[in-house]
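# Examining the three-dimensional arrangement
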Amino acid sequence: MSQNAYVDEFLNRERVQYVDIRNALKSGKASMFYADEHGVILMLKKDNIAMLAADSAEFVKAHIDILEKYDGIIAHSMETAEFLRDHFNIDEKYFECCMQMAYFGGPIEIDRPNLEIKRLRMKDLDYVHKHYHRVEELDYIKYRLRAGMYGAYYCGELAGFIGTHSDGSIGFLEVLPEYRRKGIGSALEAFMFNKYLSKGLTPYGQVVMGNEGSVQLQKHMNCVAAPDIVAWLFPEV
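About the cut-offs
Residues numbered from 1 in each chain as written. Predicted model: local features only at pLDDT ≥ 70, side-chain atom pairs only at ≥ 80, totals over all residues. Heavy atoms only, no water. Patch = residues over 30% accessible without salt bridge, like charges linked within 9 Å, V, L, I, M, F, W, Y side chains within 5 Å. Areas by Shrake-Rupley, 256 points an atom, 1.4 Å probe, with all protein chains shown as cover. Salt bridge = Lys/Arg side-chain N within 4 Å of Asp/Glu carboxyl O. Lys, Arg positive; Asp, Glu negative; His and termini not counted. Charge placed at Lys NZ, Arg CZ, Asp CG, Glu CD. Helix = DSSP H or I, 4+ residues; strand = E, 2+ residues; numbered from the N terminus. Polar contact = N/O pair within 3.5 Å; in protein donor to acceptor, adjacent residues only side chain to side chain. Contact = heavy atoms within 4.5 Å. Phe/Tyr/Trp six-rings, centres within 6.5 Å; stacked < 30°, edge-to-face > 60°. Buried < 20%, exposed > 50% of the residue type's maximum accessible area, 1.4 Å probe, protein only. 1 Å grid on protein atoms, 1.4 Å probe; cavity = no way out; pocket = protein on both sides within 12 Å on 5 of 7 lines; lining within 4 Å. Points joined across faces, edges and corners; volume = space filled by probe spheres on them. Nonpolar A, V, L, I, M, F, W, Y, C, P; charged D, E, K, R; others polar. Pairing = 2+ DSSP bridges.

Before going further, it helps to examine a negative patch on the surface. A cluster of acidic side chains, namely Glu37, Asp55, Glu79 and Glu82, defines a negative patch on the protein surface. Residue position: Glu37 is located in the loop between strand E1 (30–36) and strand E2 (39–44).

Right, dumping it as structure tokens:
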């Protein structure tokens, strides 16, 4: 069996759990590094980050020499994430568990009076940095602005924004308090969902565990949750 065949077989085991890996391969964001019947290791091309899917910690242990070369690892189960956290002695600050959620429907009509969604520019960097509190690193926000972030203008005023993370997940969603409960968050998500669908990709995001408001929004958008967590780990920070 070829490595590509192993990748297909493994990723087809669960469509939501591994939707990020499928998208990354399809879009060219990631390249396959190693695969067998027990797991898959890919590399995000523009970042020194591994995407890991494995059926047990035994696969991780057998290939830890490969994973040690990366600055970050995206693990696709609690078992493998906890093994990596303990192996690298990673501080909790650099170990983040998320619920992966994906949308499998069709294009969504956006009907919001007085709302215009358009691409943000580098001049909006300080605005995003000021209002989005889950990412502190200014350079990373700048990196994602260049990749494409979009602002919601309500009656001409910038009321919120959305973007993507380096793995391809939809994120950076923020609506200023005074503009909430106007459907702006769902309009921004629908806008991004439609962009992904137009490229033949599955829209998905990763909600940090405990962020119940975001979980409810994804459910409102008819997203489906993965059965296990997805964790981001940064061993050398």
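Okay, back to it.
Mapping Ser169 onto the fold places it in the loop between strand E8 (157–164) and strand E9 (170–175). A polar side-chain atom of Ser169 sits 2.9 Å from a polar atom in the side chain of Asp167. If we ignore the near neighbours within four places in the chain, the residues touching Ser169 are Gly163, Thr164, Tyr196, Tyr204, Gly205 and Gln206.

Time to look at the packing of aromatic side chains. Taken as a whole, this structure holds 11 aromatic pairs when the rule is applied. Centroid distance Tyr140 to Tyr143: 6.0 Å. Interplanar angle 70°. Geometry classified as edge-to-face. Placement of both Tyr140 and Tyr143 in helix H7 (residues 138–148) is noted, with a separation of 3 residues, approximately one turn of the helix. An aromatic cluster of three or more residues is present, and its members are Tyr127, Tyr132, Tyr140, Tyr143, Phe161 and Phe172.

Below, the discussion takes up the pattern of salt bridges. Scanning the model with the defined rule gives 6 salt bridges in all. Between Glu92 and Arg85 there is a salt bridge whose closest N-O contact spans 3.8 Å. Using a relative accessible area of 19% as the deciding quantity, one classes Arg85 as buried. Lys123 is the salt-bridge partner of Asp124, the closest N and O atoms lying 3.5 Å from each other. Each member of the salt-bridge network shares a partner with another, and the members are Arg85, Asp86 and Glu92.

You can see Ala190 is positioned in helix H8 (residues 184–198). According to the relative accessible area criterion, Ala190 is buried, its value standing at 3%. Each C-alpha atom, one on Ala190 and one on Ile162, is 11 Å from the other, the two residues being 28 residues apart in sequence. Residues contacting Ala190, with those up to four places away along its chain left out, are Ile108, Ile110 and Met221.

Glancing now at the layout of surface pockets. Of the voids in this model, the second largest pocket is the one considered here, and its volume is about 360 Å³. Around the second largest pocket sit 18 residues that line it, and Lys29, Thr164, Tyr196, Lys199 and Leu201 are the ones nearest its centre. Those elements giving two or more residues to the lining of the second largest pocket turn out to be helix H2 (19–27), H7 and H8. Residues that form the lining of the second largest pocket fall into these classes: 6 nonpolar, 5 polar and 7 charged.

Within strand E5 (residues 95–102), 6 of the 8 residues are buried, leaving the element largely enclosed by the surrounding structure. The pairing of E5 with strand E11 (residues 224–233) spans 7 bridges and is classified as antiparallel. Across the sheet, the residue bridging to Met99 is Ile229, located in E11. Pairing analysis gives 5 bridges linking E5 to strand E10 (residues 204–208), with the strands arranged antiparallel. Within E10, the residue paired with Met99 across the bridge is Val207.

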